[in-house]
Amino acid sequence: MKALRNYLNRIKPAFEPGGKLQSLHSVFDGFESFLFTPNTTSGSGAVNIHDSLDSKRIMIIVVLSLLPCLLFGMYNTGYQNWLAAGATEFPFWELIAYGFLAVLPRIVVAYVVGLGIEFTFAQWRHEEIQEGFLVTGILIPLICPVETPLWMLAVATAFSVIFVKEVFGGTGYNVFNVALVSRAFLFFAYPAQMSGDKVFVSSHKILSLGHDLPNGFTGATPLGQIATFSGDNLTLTGINDAPLSAWDAFIGLIPGSFGETSTLCILIGAIILLATGMASWRIMLSVVVGGLLMGWIANIFQTPTYPASFLSPVDHLLYGGFAFAAVFMATDPVTAARTGTGKYIYGLLVGVVAVLIRTYNNGYPEGAMLAVLLGNALAPLIDYCVVQTNISRRRARLKARTAANS
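The structure presented is a predicted model; accordingly, all values stated were derived computationally and were not measured. Starting afresh in each chain, residues are numbered from 1 along the sequence in its written order. Note on the predicted model: pLDDT of at least 70 is required for a residue's local features to be given, and 80 or more for side-chain atom pairs to be given and counted; whole-chain, interface and lining totals, by contrast, use all residues. Computation of side-chain values: all heavy atoms of the structure, hydrogens and water removed.

Each helix and strand counted, the protein chain has 16 helices and zero strands in total. With a 1.4 Å probe rolled over the protein chains alone, any residue whose accessible area is under 20% of its type maximum counts as buried; one over 50% counts as exposed, and the rest are partly exposed. The buried share of the protein chain, reckoned over its 406 residues, is 49%. Here, residues are in contact when the closest pair of their heavy atoms is within 4.5 Å. Nonlocal contacts in the protein chain, meaning residues at least 24 apart in sequence, comprise 69% of its contacts between residues at least 6 apart. Residue burial considers only the protein chains on display, and all accessible areas are found by Shrake-Rupley using a 1.4 Å probe. Just so you have it, the protein chain exposes about 19,500 Å², and 65% of that area is on carbon and sulfur atoms. A run of H or I in DSSP becomes a helix once it reaches four residues, and a run of E becomes a strand once it reaches two; helices and strands are each numbered from the N terminus.

As structure tokens, this is what we get:
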């Protein structure tokens, strides 16, 4: 590391104002501050608190909390391919290697496209390169089917970074969660790849690993099965048509967007975020409570017209992207509510709407994405109402005291 530090110090003057490469100052600064904690401070006349935990380190902690979902998603990608091929043996390292090769190109595409756009905008504005895409770049592949074509992923990433983030001013100014807008763009522009009842399993060999599945193979997610179900006896099955249990869903050995299937890994990520103070427990708790409440109400009034109403409240937490949205999406500090009371209202709204959409819209079996985006849109209004209510309450209290003293 010392040699790298010395090398950066040696080439740094070329990127400073007046240097031969001054036009690339933002790019150099982005790489330097990513690798090392900046040693510059603000003016001596100002009052400041200095801390080595800058926003880049915060983003890295969030990425670390996503690693359990990423690693398990790689394993599950291989496991589902082997299972769909009728295999009876599941060699651990081969499954991991297959999943790694299937997922890696999607992560690379998301980062190259997203960071490329952010670098371009930073250079154009003569600003520092922001670090928000460190998290977004891994979230986008995690919440998309592993069979999503790379060009679609690139288009969706470019659209969300440009029109949801950069046009609003960059990191910290976006109204909506960038990763979720990427998924929403894919869902509405290319519904065949995102509907939940199509191929959510990698269906071909990769470098001699895995199995080529038959043409026309479909690997419907549990929620996709529910959306097309008719009758009274709802039974969810896996890729091999074996019944799925709540334990399967909790562990994550089910088809789905590869980073969202394991509730266990999501809980591990939640513990990391809460232990480091990176996410709001108020939002997580209220999203879960809202989902359980709406799931309980829907289950009381269950009807074959809406098959998802047969799910128990706990099933709603285990299937689809609900748990992932509650931990990693709804808690985004930029797009979520910021007042204490507002976080409860915001989270409860997201949980209720997610299950409401999932249950009563058979054409869209996954409601978590739209629920969080709706919460993003209403978060400023929720905070405004909370603040105004507090102001009115304090004003009334002050008037009462004034009247009592007079």
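Before going further, it helps to examine the nonpolar core. Take the buried residues of types Ala, Val, Leu, Ile, Met, Phe, Trp, Tyr and Cys, join any two whose side-chain atoms come within 4.5 Å, and each joined set is a nonpolar core. Phe324, Phe328, Met329 and Tyr346 are the most contacted members of the largest nonpolar core, which totals 85 residues. With twelve residues, helix α3 (residues 55-84) is the largest single contributor of residues to this core. Among residues more than four places away in sequence, those in contact with Phe324 are Leu66, Cys69, Leu139, Leu142, Ile143, Gly259, Glu260, Ile266 and Met329. Ranked by size, the runner-up nonpolar core spans ten residues in total, among them Leu236, Ala249, Ile254 and Tyr319.

What follows deals with the pattern of salt bridges. The working definition used for a salt bridge is a side-chain nitrogen of Lys or Arg within 4 Å of a carboxyl oxygen of Asp or Glu. What the rule picks out here adds up to three salt bridges. The closest approach of N and O atoms between Arg358 and Glu366, which form a salt bridge, is 3.1 Å.

Note on definitions: angles span 0 to 180 degrees between N-to-C directions of axes, and those axes are lines fitted to C-alpha atoms, for helices only across the stretch in contact. Their axes nearest at 10 Å, the elements helix α7 (residues 178-189) and helix α16 (residues 368-405) cross at an angle of 130°. In this view, α7 runs oblique relative to α16, as classed from their interaxial angle. Every pair of crossing elements has a handedness; the one defined by α7 and α16 is left-handed. Listed contacts from α16 to Leu180, Val181, Arg183, Ala184, Phe187 and Phe188 of α7 are Met369, Leu370, Val372 and Leu373. Per-class residue counts for the contact of α7 with α16 are nine nonpolar, no polar and one charged. Here the word oblique covers every angle except those under 35 degrees (roughly parallel), over 145 (roughly antiparallel) and from 65 to 115 (roughly perpendicular). Whether a crossing is left-handed or right-handed is set by the direction in which the near helix is turned from the far one by less than a right angle, anticlockwise for left-handed and clockwise for right-handed. Polarity classes work like this: nonpolar for Ala, Val, Leu, Ile, Met, Phe, Trp, Tyr, Cys and Pro, charged for Asp, Glu, Lys and Arg, and polar for all others, with Gly in that last group.

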